[in-house]
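Survey of secondary and tertiary structure
Okay, here's what each chain looks like letter by letter:
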Amino acid sequence: MTALNAMTAPLADVDLLVKRDQSRLIHPHLPGDVPDRLIMVEGSGCRLRDAHGREYLDATGGLMLAHVGHGRRELVEAAAGQMARLEYYSSFHEFTNEPSIRLADRLIELAPAPMERIYFTSGGAEAVDAALRMARLYHHRRGERDRTWVLARNLGYHGVTYGGAAATGLPMFHQGFGPMMPHVRHLTPPMPFHPEMYGGQDPTEFCLRELRETIEEIGAENIAVMIGEPILGVAGVVEPPADYWPRVRELLSAHGILLILDEVITAYGRTGHWFAADRLGVAPDFIVTAKGLTSGYFPMGALLVADHVVDVVTRDEGFVGGYTYSGHATGCAVALENLAILEREDLLAAATRIGDRLGERLRRLEELPVVGQVRQIGLMIGIELAADPDTGEPLSAEWVPPLVRERCGVIVRNNPNTVLMSPPLVMSEEEADRVAEAVGGVLTEYASRRRGPSAAPTRALPVLDRPWERPPSMSDLLAAAMEWHFDPKTGSRFWLERARTLDFDPRKDVRTEADLALFPNVVDELRDVRVEDLVPRGYGDQPIPLEVYESGGTTGAPKRIAWLPDLHEQLITWHCAVLDDRGVPRGANWLTIGPSGPHMFGPMGRSLAHRRGGLPFTVDLDPRWAKKCVAEGRSEEAKRYLAHVLDQVETILRTQDVGVVFTTPPILEALGADEELAGLVNAKVRTLIWGGASMSRDTRSLLRDEVFPRTRLLGFYGSTMVGAGMYERDGLAADEPSTFDPPYPFVSMRVVDPDTGRTVPYGERGQVVMSHVSRSMLLPNNLERDTAIRVRPAEGSGGDAVADIRPVPTFDGTTVVEGVY
C-alpha cells in the first residue's frame with residue numbers, strides 16, 4: 001500500500017464546497033438542518049484524507065466494502081483497460097461480454113454448492129429484489145401460484161428498495177413509506193446475548209418453534225422463500241448458534257420453501273471465508289452478494305442461484321426484467337482483478353489473523369460496566385453497549401463514532417447501541433492496534449465518568465471538550481473557559497479567591513487572546529498553594545485520580561500543577577495525531593531519558609508509548625542534582641552522574657527493541673559523542689525526540705546529518721507549568737532555526753520585551769510568555785525562563801510561533817544553569 005504522505009495539499013475553498021453540498025445534496029440518514037460535512041478527497045490502504053488535510057484510519061471499510069483498501073492502482077488500471085476496449089454494452093437478450101463470462105466462471109468456482117448460475121446487478125439491494133422475484137417466479141411456474149409469502153427476520157437488513165425494505169426488519173425503513181410489499185412476515189432472530197427475548201428457552205429452539213408455528217399458520221403452500229443474513233451485520237455482528245441455520249434449512253426444505261442468504265456484507269473474505277455459508281455449513285438456494293465483489297471500486301452486485309431454481313426461472317420467456325447495468329463490462333473487469341488481489345495477497349487469512357488480534361484487544365473492554373459483549377467474526381466487529389450488562393438494558397452508542405473520529409482520527413460506525421467495525425482486509429497489525437486504542441480509550445474514559453460524580457464535569461460546556469487537534473476559535477474557548485473557571489459553582493478555590501484581587505471581571509472582560517495579558521503572572525503562587533485548591537469545583541466532590549507535577553526547584557521552591565485525567569487524555573490524543581502526521585511509527589517501544597517524577601516528562605513518555613502500541617522504558621534523571629553540581633563547581637561529580645545515566649541507556653539499547661528515544665539535547669549530544677552508543681541508536685532507533693532545552697542549528701544539523709543519519713530528529717518545546725508543549729515545525733531547511741507552533745488556542749504564546757512587557761516585532765528576540773486555557777486548567781500570562789525569536793504563526797493557527805529557543809541568563813535573580821536538562 002502507498003502511504004498518504006505524498007498526497008496533495010488540502011483543497012482550497014472548502015467552506016464553499018460545504019455550502020454547495022448543503023444546498024444541493026440529499027444525504028442518507030442526515031437531517032436537512034445539520035450543517036456538518038466531512039469531504040473525503042484521498043485514500044490509500046486503510047487511510048483517508050479529508051479536504052482540510054486531516055488523515056483518518058478507516059475502520060469501517062466505507063460501508064463494509066473496501067476489502068482490498070483504498071487507492072489500488074491495479075483496479076484503476078483494470079477499469080481503464082476495459083474501458084479502452086469496451087466500457088459497456090447491454091446484457092439483455094442474447095448480448096454479453098467477455099468479462100462477465102469470466103467473472104461468472106470465477107464466482108461459480110468460489111461458491112459453495114449448489115450455486116451454479118449468476119445474475120448480475122448494480123448492487124446488493126437490486127440483487128435482493130431479484131432473488132425475491134425469482135423465488136416467487138419459481139413457484140409460479142411450477143404451478144404453485146399461491147406461494148407468495150416471504151419470511152424474514154426482525155433486525156435483518158436487506159437494503160431499501162421496496163422489496164428489500166419490506167424484508168428488512170427495522171421499523172425506521174417502513175415508517176412513512178407504506179404500504180410496503182405485502183405478504184412479508186418477520187420472525188425472531190437468534191441473539192444469544194439477549195436471553196430475555198426467548199423466555200428462558202434455548203434461542204435456536206425458540207426460533208425453530210416460532211418458524212414451525214408460522215409455517216402452520218400461513219400454510220407452507222403459501223410461502224415462497226425465507227431471507228436472512230447468515231451473520232446479522234447492521235444489527236450488531238451477531239453470529240447464530242451453530243445449529244441454527246442447518247436446522248432452519250432442513251425445516252424449510254421439508255416444506256418446499258426456498259432460502260436466500262443475504263451475504264452482501266459477509267461474502268468475499270469478510271469472515272475469513274469466501275462465503276459465510278461455508279463457515280456455517282448451510283446450502284441455500286440463493287446467495288446475494290455485492291460490496292466486497294469490487295471493494296467499492298464499481299457499483300456492482302451478483303446473485304448466485306442454484307441450478308434447480310435456474311432451470312425453472314429461465315424457461316419459457318426467461319427471467320423477465322433486468323437492470324440497465326447488469327453484467328457491466330467495466331464492473332466485471334474490476335471485480336475479476338479485485339478477486340485476484342484477495343487471493344494473491346491471502347486476504348481471507350489476513351481477515352482472520354488481524355480480526356482475531358483486534359478482537360482480542362477489544363474483548364478486554366468487556367470488563368467495563370458499559371460494555372455488554374464484544375463480538376468478532378473475521379474483520380466484522382460489534383461492541384454492544386449496555387446500561388446494565390446483567391440485564392442487557394441497551395446504552396446508546398451514537399456518541400462513540402464522532403468522539404473516536406474527532407479525538408483519534410479513527411472512523412467507526414454504530415447502530416443504536418452497538419459500535420460497528422469492518423476495516424479493509426489489508427489492515428496492518430499496527431493499524432488494528434490503533435483502532436483498539438482509540439475505541440478502548442473513549443469507552444474506558446466514559447465508563448470511568450459514569451462511576452461517580454467526580455469523574456465528569458457537572459456543567460455542559462462542549463467547547464471545552466473539543467479535541468486539541470480540532471480546536472474551537474480562541475473567542476469561543478475564552479468565553480466558555482472564563483465562565484467555567486470564574487463561576488462559583490465550577491471554578492477552583494484558587495481562581496475564585498484570586499478573582500477578588502483582580503481589577504477586571506474575567507467573565508465579561510476576557511474575550512480575546514490579548515485580554516489574557518490582563519491577568520497577573522501567578523506562577524510563583526503555585527510554589528506553596530494547596531494542590532486540591534487548583535481543581536475546578538465543577539468536577540464534583542468525590543476523589544479524582546489526580547497527578548501532581550512540579551517545575552523548577554533550581555531557582556527557588558518547586559511550583560506545582562494539578563493534572564486531571566481528561567486533560568491527560570486530550571493531550572495524549574493530540575500528541576498521537578501530531579506524531580502520526582510526522583510519520584513516527586506506531587507499535588514501537590519508547591525509551592524516555594528524563595525526569596520520571598515529579599516532573600511530567602517521564603509520565604508523558606510512558607503514556608505515549610502505551611497509547612501508540614509500544615512498551616515504555618525509562619532512565620530517570622534528577623536535573624536538580626545535576627544543576628546543583630554544576631552551579632557549585634563540582635564538574636567531576638556532574639560528569640560521573642552523566643556516565644551513570646549513559647550506562648543505563650546502553651544496557652537498555654543493547655538488550656531491548658527501542659524504536660523511539662525521547663530525551664534532552666545534552667543527553668542526545670552525549671549519546672552522539674559515544675561511538676558505541678551512537679551505533680546502537682543508528683542500528684535500532686528510528687525517531688529521536690529532543691525536548692526540555694535549546695539546540696542550535698549547527699548542533700541539529702550535525703546530529704541529524706552526521707551522527708544519527710538513520711533516524712528522524714524531532715524537536716519538542718514544552719512547559720510543565722503550562723502543562724503542554726509543541727513539536728518542531730515540519731519541513732525546516734538546514735539554515736532555519738528550530739521553530740515551534742503551539743496547540744492553539746488551548747496554548748498560546750507571546751514574545752515580549754521583559755522590561756516593558758510589550759510584544760517585540762517579528763524576527764526579534766524576546767522572552768516567551770505562555771498561556772494555557774482549558775476546562776481542567778487555567779494558567780494565563782506565564783513568563784517562561786526562555787527567550788526566542790518571534791515568528792509568524794503557521795497557517796490556520798494564531799498567537800506567536802517561536803524559534804531558536806535559549807534559556808535566559810538569570811531568572812528571579814538566580815543564574816540559570818543547564819546540566820543534563
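The structure reproduced in this document is the subject of the present report.

Attention now moves to the sheet that holds strand β9 (residues 286–289). The mixed open sheet is built from seven strands, whose spatial order is β4-β10-β9-β8-β7-β5-β6. Unpaired on one side and paired on the other, β4 (115–121) and β6 (184–187) mark the two borders of the sheet. Here the average twist between neighbouring strands, direction ignored, is 20°. One ladder, built from three bridges, connects strand β8 (residues 258–262) with β9; its direction is parallel. Bridged to D262 within β9 is V288. Sheet strands touched by helix α5 (residues 124–141): β4, β5 (149–153), β7 (223–228), β8, β9 and β10 (301–306). Its angle to β9, the strand with the most contacts, is close to 160°.

Before going further, it helps to examine the pattern of salt bridges. Inspection of every chain in the model, using the stated rule, returns 51 salt bridges. The salt bridge partner of E445 is R407, with a shortest N-O separation of 2.2 Å. Highlighted residues: E445 in helix α14 (residues 429–450) and R407 in helix α13 (residues 400–408), separated in sequence by 38 residues. Several salt bridges share partner residues, and in doing so they unite R434, E437, D580, R586 and R612 into one network.

A full pass over the atoms with the stated rule returns 24 aromatic pairs. Taking 6.2 Å as the distance between ring centres and 85° as the angle between the ring planes, the aromatic pair formed by W690 and F740 counts as edge-to-face. Of the two residues, W690 sits in strand β22 (residues 687–691) while F740 sits in strand β25 (residues 739–740), which places them 50 residues apart along the sequence. Accessibility classification places W690 together with F740 in one group, the buried group. Through pairs of rings, three or more aromatic residues link up here, namely W574, W590, F601, F662, F716 and Y727. Taking NZ or CZ as reference, R209 lies 5.0 Å from the ring centre of F206, over its face.

Right, let's get into the side chain of T418. Relative to the assigned elements, T418 resides in strand β16 (residues 418–421). For T418, a relative accessible area of 0% translates into the label buried. In this view, T418 contacts G236, R375, G382, I383, E384, A397 and R413; residues no more than four positions away in its chain are not counted.

With that settled, the discussion passes to the sheet that holds strand β19 (residues 590–594). With respect to topology, six strands assemble into an open sheet ordered β20-β19-β21-β22-β23-β24, the strand pairing being mixed. Only two strands of the sheet have a single neighbouring strand rather than two, namely β20 (616–620) and β24 (724–727). On average, each strand axis in the sheet is tilted by 20° relative to the strand beside it, whichever way the strands run. Judged from the three bridges that link them, β19 and strand β21 (residues 660–663) form a sheet pairing that is parallel. Bridge assignment links L591 to a residue of β21, and that residue is V661. Sitting on the sheet, helix α19 (residues 601–611) is in contact with β19, β20, β21, β22 and β24, with an inclination near 175° to β19. Here helix α22 (residues 665–673) sits on the sheet in contact with β19, β21, β22 and β23 (712–719), set at roughly 140° to β22.

This part is about α19. With nine of its 11 residues buried, α19 lies for the most part within the structure. The complete set of buried residues in α19 reads F601, G602, P603, M604, G605, S607, L608, A609 and R611. Just past α19, the residue G613 takes up positive phi, approximately 85°.

Another point: the nonpolar core. Of all hydrophobic cores here, the largest spans 101 residues; its most connected members are L591 and I593. With eight residues, helix α15 (residues 474–486) is the single largest residue contributor to this core. For I593, the residues in contact, after removing those within four places along its chain, are F601, V619, L621, V645, V649, V661, F662, T663, T664, I667 and L671. One finds Y268, I354, I381 and C408 within the second-largest nonpolar core, a separate group that totals 94 residues.

Before going further, it helps to examine the pairing of β16. Both faces of β16 are covered, namely the face carrying T418 and L420 and the face carrying V419 and M421. When strand β12 (residues 380–388) meets β16, the two strands line up antiparallel, connected through four bridges. Across the sheet, the residue bridging to E384 is T418, located in β16. By the bridge criterion, three bridges tie strand β15 (residues 413–415) to β16 in an arrangement that is antiparallel. For N414, the partnering residue across the bridge sits in β16 and is V419. Two successive antiparallel strands, β15 and β16, enclose a turn made up of two residues.

About the thresholds
- Residues numbered from 1 in each chain as written.
- Predicted model: local features only at pLDDT ≥ 70, side-chain atom pairs only at ≥ 80, totals over all residues.
- Heavy atoms only, no water.
- Pairing = 2+ DSSP bridges.
- Helix = DSSP H or I, 4+ residues; strand = E, 2+ residues; numbered from the N terminus.
- Axes fitted to C-alpha atoms, helices over the stretch in contact; angles between N-to-C directions.
- Contact = heavy atoms within 4.5 Å.
- Salt bridge = Lys/Arg side-chain N within 4 Å of Asp/Glu carboxyl O.
- Phe/Tyr/Trp six-rings, centres within 6.5 Å; stacked < 30°, edge-to-face > 60°.
- Buried < 20%, exposed > 50% of the residue type's maximum accessible area, 1.4 Å probe, protein only.
- Lys NZ or Arg CZ within 6 Å of the ring centre and 35° of its normal.
- Core = buried A, V, L, I, M, F, W, Y, C linked by side-chain atoms within 4.5 Å.

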